[in-house]
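Okay, here's what each chain looks like letter by letter:
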Amino acid sequence: MKRNVDNAQVEEKDEQLEEKDERVEEKDEQEEPERDSMNMWNTNNICNCQKTCAKMMLAHAYVPWQCYDEAFSPQEALKKGTLFPSLYGAYPIPR
Amino acid sequence: MWIYEKSLQHPVKVTCPDVSFAKLVVTQYGGPDGELGASLRYLNQRYSMPTNKAIALLTDIGTEELAHMEMIAALVYKLTEGASPKDYEAAGWGGHYVQHNHGLFWTDANGVPWSAQYIACLGDPIADLTEDMAAEQKARVTYEHLIEMTNDPCVKDMLRFLWQREVVHFQRFGECLNDIQEHMGKKNMWCGCTVEK
Amino acid sequence: MNCEKQMSMLRKIQEIQFVAVELNLYLDTHPCDADAINDFNCAVQILEKRKKAYQDEFGPLLNFGFGGYSKEPWQWVESPWPWEI
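Below, the structure is looked at part by part. Keep in mind that this is a model prediction, so the values were computed, not measured. (Residues numbered from 1 in each chain as written. Chains lettered and ligands numbered in written order. Predicted model: local features only at pLDDT ≥ 70, side-chain atom pairs only at ≥ 80, totals over all residues. Heavy atoms only, no water.)

Things to note about the packing of aromatic side chains
Within this structure, the stated rule accounts for 15 aromatic pairs over all chains. Measuring from centroid to centroid gives 5.5 Å for A:Tyr68 and C:Tyr26, while their planes differ by 55 degrees, and the two rings are tilted. Placement of A:Tyr68 in the loop between helix 2 (14-29) and helix 3 (74-80) and of C:Tyr26 in helix 1 (residues 3-29) is noted, with the two residues assigned to different chains. A:Tyr68 sits in the buried class, given a relative accessible area of 4%. Centre to centre, the rings of B:Tyr4 and C:Trp76 are 6.5 Å apart; their planes meet at 85 degrees, and the pair counts as edge-to-face. Taken as a pair, B:Tyr4 in the segment before helix 1 (19-25) and C:Trp76 in the segment after helix 2 (34-58) lie in two separate chains rather than in one. Residue class for B:Tyr4 comes out partly exposed when judged on its relative accessible area of 31%. Among the aromatic side chains, those forming a connected cluster through ring pairs are B:Tyr4, C:Trp76, C:Trp81 and C:Trp83. Looking at A:Lys80, its charged tip hangs above the ring of A:Phe72, at a distance of 4.8 Å from the centre. One residue, A:Lys80, lies across the ring of A:Tyr88, its end atom 5.3 Å from the ring centre. (Phe/Tyr/Trp six-rings, centres within 6.5 Å; stacked < 30°, edge-to-face > 60°. Helix = DSSP H or I, 4+ residues; strand = E, 2+ residues; numbered from the N terminus. Buried < 20%, exposed > 50% of the residue type's maximum accessible area, 1.4 Å probe, protein only. Lys NZ or Arg CZ within 6 Å of the ring centre and 35° of its normal.)

Re empty space enclosed by the protein
Residue and element names in this part refer to chain B. Applying the stated criterion across every chain yields a total of three cavities of 30 Å³ or more. Space inside the largest cavity adds up to approximately 60 Å³. The wall of the largest cavity is formed by Pro32, Asp33, Gly34, Glu35, Ala38, Arg41, Tyr42, Glu65, Ala135, Glu136, Ala139 and Glu166. Elements represented by at least two residues in the lining of the largest cavity include exactly helix 3 (35-45) and helix 7 (125-148). If one sorts the elements of the lining of the largest cavity by residue count, helix 3 sits on top with four residues. Looking at the lining of the largest cavity residue by residue, the class counts come to five nonpolar, one polar and six charged. (1 Å grid on protein atoms, 1.4 Å probe; cavity = no way out; pocket = protein on both sides within 12 Å on 5 of 7 lines; lining within 4 Å. Points joined across faces, edges and corners; volume = space filled by probe spheres on them. Nonpolar A, V, L, I, M, F, W, Y, C, P; charged D, E, K, R; others polar.)

Some words on helix 3 of chain B
Residues and elements named next belong to chain B. Summarising burial for helix 3: nine of the 11 residues are buried, a large majority. Those residues of helix 3 that sit buried are Glu35, Leu36, Gly37, Ala38, Ser39, Arg41, Tyr42, Leu43 and Gln45. The elements touched by buried residues of helix 3 are helix 2 (27-30), helix 4 (52-79), helix 7 and helix 8 (153-186). (Contact = heavy atoms within 4.5 Å.)

Focus on the side chain of B:Arg165
Relative to the helices and strands, B:Arg165 is located in helix 8. Side-chain polar atoms of B:Arg165 contact the backbone oxygen of A:Gly81, separated by 2.8 Å. Polar contacts involving the side chain of B:Arg165 include one to the side chain of C:Glu22, which spans 2.9 Å. Dropping the residues within four chain positions of it, B:Arg165 is found in contact with A:Gly81, A:Thr82, B:Gln9, B:Glu64, B:His68, B:Glu136, C:Phe18, C:Val21, C:Glu22 and C:Leu25. (Polar contact = N/O pair within 3.5 Å; in protein donor to acceptor, adjacent residues only side chain to side chain.)

Considering the interface of chain C and chain B
With 29 residues of chain C in contact, the opposing surface of chain B contributes 26 residues. Interface area for chain C against chain B, summed over the two sides, is near 2,500 Å², with a carbon-plus-sulfur share of 59%. At the surface where chain C touches chain B, the tally comes to two salt bridges. The leading source of residues in the side of chain C that touches chain B is helix 1 of chain C, at 12 residues. Residues belonging to the side of chain C that touches chain B are distributed by class as follows: 17 nonpolar, seven polar and five charged. (Buried area = accessible area lost by both parts, 1.4 Å probe. Salt bridge = Lys/Arg side-chain N within 4 Å of Asp/Glu carboxyl O.)

As for the nonpolar core
In this structure, A:Tyr68, A:Leu83, B:Val25, B:Ile72, B:Leu75, B:Met158 and B:Leu159 are the most contacted members of the largest nonpolar core, which totals 59 residues. For this core, the elements supplying multiple residues, two or more each, are helix 3 of chain A, helix 1, helix 4, helix 7 and helix 8 of chain B together with helix 1 and helix 2 of chain C. Examining the composition of this core, we find that nine residues originate from one element, helix 1 of chain C, more than from any other. Within the second largest apolar cluster, 18 residues are counted, among which are B:Phe173, B:Ile180, B:Met184 and C:Leu25. (Core = buried A, V, L, I, M, F, W, Y, C linked by side-chain atoms within 4.5 Å.)

Thoughts on the layout of surface pockets
Roughly 1,400 Å³ of volume is contained in the largest pocket. Lining of the largest pocket is provided by 47 residues; of these, B:Ile3, B:Glu5, C:Gln17, C:Lys51 and C:Leu62 occupy positions nearest its centre. Among the elements of the structure, helix 4 of chain B together with helix 1 and helix 2 of chain C are those that each provide at least two residues to the lining of the largest pocket. Counting residues per element, the lining of the largest pocket draws most heavily on helix 4 of chain B, which supplies nine residues.

Next up, the structure:
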């Protein structure tokens, strides 16, 4: 399982859950959001959901499709305001 | 219908009351790019959307915006908790005290009351979704201005959460627009004919 | 009332609820992402469990329809409102 959310097994007791969550959180602390404003279509990360934009028309606005291939831990997600690392840092974070 | 849940989407804490900042942040309650306008805009635009996906997204984001309005309300409540009339006056918000006491009211940072003119609904999915994307951008920038205007780390945290939500909503509306344009293109509802090259 | 415990349990609810909200919005525009649906269902299941544990101890989060029953007297008006916590 590649998603952090999957780490939280429903059957597990909450204590175990928290331990796992915290471990994931440590990993997240090291992750700095990457900005690559030129690479709109993020070719490193092509997946099926991006195919639908293949036929782009002039005078229409498009947003690159987001893929779900990684997630913050629930704790980190609530702190950061998104579950998705790819959307965190898409704009410079105000301090 | 809507079900009320007795909890905030994200905790709202303040280090200490700050009436001056309450006067500014109230714009996200009832200003042009605030959460009241956002929720009403999306919930109202649902009826003219051509796909179930678009209706679902507007319903769900509109509902989340109601929760954001409650967070901003809780913030204004806490920033003015225990403030005296003199505190309001010193913060340049004496007019609010005179008319509303400790009650909340939907205004922008300059005291201009909320207006339905902040909302558009053209009944055209492309125009309306583009309006929604612009609204998310304007709200994002307003949060950036507000974050600059406070030194309270607790308040900054909470505003940063709301700021990030605008970014996520923009992404979702954008994906929805991609989808709608493809949907409408297939049906030739708007492009007349496609020129094959 | 054990305020610290209440806050911590509420926080755990907010966390997993937020995961559900994020996946809900994601699925609105990516309805065929099976992995996301799996994670969404997983988050909802944890959320239900945490809400039940919270409501058993600190009173209702939702007035009805989601498993909570009121004790006497009517509990809905007793527990603190979100902006009072």
